[in-house]
Amino acid sequence: MKLILDYLKRYKGWLILDMISVLGFALVELGLPTIISQMIDGGISQNNTSYLYRMWTLAIMISIIGVLGTISLGYCSARISTSITGDIRNDIFRKVQSFSPTEFDQFGVSSLITRTNNDAYQIQLFVNTLLRTAMLTPVMVIISFILTLRTSLDLSLIIIATLPFIVVGVIVVAKISQPLSMHQQASLDALNRISRENLIGLKIIRAFNNDTYEQNRFNETNDDYTTYSKKIFRLMMLSQPIFWLFMNIVIMIIYYVSATMIDANTLQVGKVVAFQDYVFHAMYSMMLFCTVFMMYPRANVSAKRIMAVLNTSNSIIDKGNDIKDTNTCSIVFDHVNFAYPESHELALKDISFKAYAGETIAFIGSTGSGKSTLINLIPRFYDVTSGNIYIDHIHINDYSMSSLRNKIGFVPQKATLFSGTIAENLKYGKSDATYDELEHAAIVSQSLDFILEKENGFDEVISEGATNVSGGQRQRLSIARAIIKKPEIYIFDDSFSALDFKTDASLRQALKGETSEAIVMIVAQHISTIMDATKIIVLDEGKIVGQGTHQQLLQTCDIYRQIAYSQLSEEELYG
């Protein structure tokens, strides 16, 4: 409830209007039985036509007020519940945007999607029901109870006797439904995860002819989700008929007792009619309120899952300053050590080197040697375990995230494009880029030819998952996105692997002029990509085992020499 109350505070005006609407609804629902009772006992039984017309006019007026109150109640409830859900989704999305890979690993992508969509929707359903019934029920029950006491004290005792049974029933349903809801949402997480894996890895599944295995895996998880859902819906469906049966039994008892009282001339017929309506509205309101309690366990589970995301402390804390452009001239790694969260083994050990503007620093080594890990520390995707990193003599933690990342043009190992046009993807690097800037970035990245071959050129739409462009084209567009930003630091994380040798050579040649005043860092697998680098750093098991130029490392570093001879001939290596 704390989550809901925090968001309800944002809509106090609509909440007040919702309360006023409740009073209007209650007026018609309880006012009409009273008027009908008086029409029967004071008008029909005494043949008083003028009195009947007056009461009939009053009934019409109350009905109009009631209709307006009902419409207003429905509108306010819908508006508040949908607005709260929108706010929750926005807050989750904003929070997730600040997560480091550590927090993503903690929750998992599929679970975050479920919490943003399905869990937020459960809150919407609950709040809508809560606003329509939770506020209405106390008003209806209290007023109905007062009116029943005024009508007949004896009959009211029957109603009082039923309340403990209703309360016990609600508690039992809530106790049963809460663990079922927890299992249902957990199985939905698993269902989304398997669906996502299958859609992403569809080619691999077909290539290895594992369709049956994946289908069985999906069916097993889907059956779990279906089973828990059936149990919850079965519980909800059974509770309402049982309640109606109980209510009908109570009404039958009231009819029996009231018939006896009418026969003894201690109760009038009109009062019986009114009493029946009072009881119906009181018990029906209680039944609706029970629905809120039956929905509460599931909403509570969803709220806890949402709160877990919103209350998660980020492992990467942005407490730096918005440092203006310092014209980056150096990057310094000073005895940096790094271990991944939940890991006791260092992935990087005592890393120290310097890079200056105009230099190209390349990193090479065997798979798992720590190359990508090292460059991920510069934009603070992770924070160092010990040691320091400085950019332009300022510790990177002293920069705000925005200031730090504005300096960097990052091209990841896996080229990612978003749904939208080619121009929109390139403008991720610079939102106000002109056509000339787009064209220049495309020329440098060797992308212009294939872009212009598209029917719509820069306005060509990239499909979901960028399936309408090749791997090499994706890489070149990712490089163009970084170029258009004109950053002070370029980071290429094995970003040339999908390019043919001719395109690779042309691209690297074009980049030289573009990055002449910037620091360029390249992670590479191929010696040919980094032979011309100012400094090559060789990593092995997280440690620097050599650094220098290509020719220097051929003479001094055994690991570099082994990699070099495995890829190129002696003539290519020594020119």
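Above this text is the structure in question.
Residues numbered from 1 in each chain as written. Predicted model: local features only at pLDDT ≥ 70, side-chain atom pairs only at ≥ 80, totals over all residues. Heavy atoms only, no water.

1. Describing the overall build of the chain
Filter applied, for reference: The secondary structure listing takes helices from DSSP runs of H or I that are at least 4 residues long and strands from runs of E that are at least 2 residues long, numbered from the N terminus. Each radius of gyration is computed over the set of C-alpha atoms, and the globule rule expresses the reference value as 2.2 Å times the number of residues to the power 0.38. Exposed residues in this analysis have more than 50% of their type's maximum accessible area, buried residues have under 20%, and partly exposed residues fall in between, with area computed by a 1.4 Å probe over protein chains only. What makes two residues a contact is simply this: any of their non-hydrogen atoms within 4.5 Å. Methods summary: accessible areas were calculated by the Shrake-Rupley approach with a probe of 1.4 Å, and residue burial reflects only the protein chains presented.
Regarding its fold elements, the chain presents 21 helices and 12 strands. Scaling as 2.2 N^0.38, a compact globule of 575 residues should have a C-alpha radius of gyration of about 25 Å, whereas the chain reaches 35 Å, well beyond that. Over its C-alpha atoms, taken along the principal directions, the chain stretches across nearly 120 × 45 × 45 Å. Going through the 575 residues of the chain one by one, you find that 46% of them count as buried. By sequence separation, contacts in the chain at least 24 residues apart represent 77% of the contacts at least 6 residues apart. In the structure as shown, the chain presents an accessible area of about 29,300 Å², 58% of it carried by carbon and sulfur atoms.

2. Some points on the side chain of Asp87
Residue placement: Asp87 occurs in helix H3 (residues 49-97). Overall, Asp87 belongs to the buried group, its relative accessible area being 15%. Once residues lying within four places of it in the same chain are set aside, the contact partners of Asp87 are Tyr7, Arg10 and Tyr11.

3. Quick word on the environment of Asp277
With respect to the helices and strands, the residue Asp277 is situated in helix H10 (residues 269-310). The class for Asp277 is partly exposed, based on a relative accessible area of 24%. Sequence spacing of Asp277 and Phe338 is 61 residues, and the spatial spacing of their C-alpha atoms is 72 Å.

4. Some words on the sheet that holds strand E10 (residues 519-523)
The condition that has to hold: DSSP calls a pair of strands paired once it identifies at least 2 bridges connecting them. Every axis corresponds to a line fitted to the C-alpha atoms, with the helix fit spanning only the stretch in contact, and the corresponding angles, defined between N-to-C directions, vary from 0 to 180 degrees.
Taken in spatial order, the six strands make up an open sheet running E6-E9-E10-E3-E11-E12, and their pairing is mixed. Of all strands in the sheet, those bounded by a partner on one side alone are strand E6 (408-411) and strand E12 (543-548). The average undirected angle you get between the axes of adjacent strands in this sheet is 15°. Across five bridges, strand E3 (residues 360-365) lies against strand E11 (residues 535-540) in parallel orientation. Within E11, the residue paired with Ala362 across the bridge is Ile536. In the packing of helix H20 (residues 558-567) onto the sheet, the strands contacted are E3, E11 and E12, and the crossing angle to E11 comes to about 100°.

5. Examining the nonpolar core
For clarity, the cut-off: Each nonpolar core is a collection of buried residues, namely Ala, Val, Leu, Ile, Met, Phe, Trp, Tyr and Cys, held together in the definition by side-chain atoms within 4.5 Å.
Ranked by internal contacts, the top residues of the largest apolar core, which has 47 residues, are Ile364, Phe458, Phe492, Phe496, Ile536 and Tyr560. With five residues, helix H16 (residues 471-483) is the largest single contributor of residues to this core. Setting aside residues up to four positions removed in sequence, Ile364 forms contacts with Lys371, Ala524, Gln525, Ile527, Ile530, Ile536, Ile537, Val538, Leu539, Tyr560 and Ile563. Formed by 29 residues, the second largest nonpolar core is a distinct cluster that contains Phe338, Phe353, Ala355 and Ile389.

6. Let's talk about the side chain of Arg476
Under the convention used in this document: Under the counting rule used here, the positive set is Lys and Arg, the negative set is Asp and Glu, and His together with the chain ends is not counted. Only one rule defines a salt bridge in this text: a Lys or Arg side-chain nitrogen within 4 Å of an Asp or Glu carboxyl oxygen. Each polar contact in these results corresponds to two N or O atoms within 3.5 Å; when the atoms are within protein, one needs to be able to donate a hydrogen and the other to accept it, and residues that are neighboring in sequence are counted only if both atoms are side-chain atoms.
Turning to its location among the elements, Arg476 is positioned in helix H16. For Arg476, which is buried and forms no salt bridge, the nearest opposite charge comes from Asp500, at a distance of 5.9 Å. Reaching out from Arg476, the side chain makes a polar contact with the backbone oxygen of Gln446 at a distance of 2.8 Å.

7. Digging into the sheet that holds strand E2 (residues 348-356)
On the basis of which strands lie adjacent, the open sheet formed by four strands has the order E2-E1-E4-E5 and antiparallel pairing. Both edges of this open sheet fall to E2 and strand E5 (394-395), since each of them pairs with a single strand only. In terms of strand pairing, strand E1 (residues 330-338) meets strand E4 (residues 386-391) through five bridges, oriented antiparallel. Within E4, the position partnered with Asp334 by the bridge is Asn388.

These results come straight from atomic positions and should not be treated as a statement about function.
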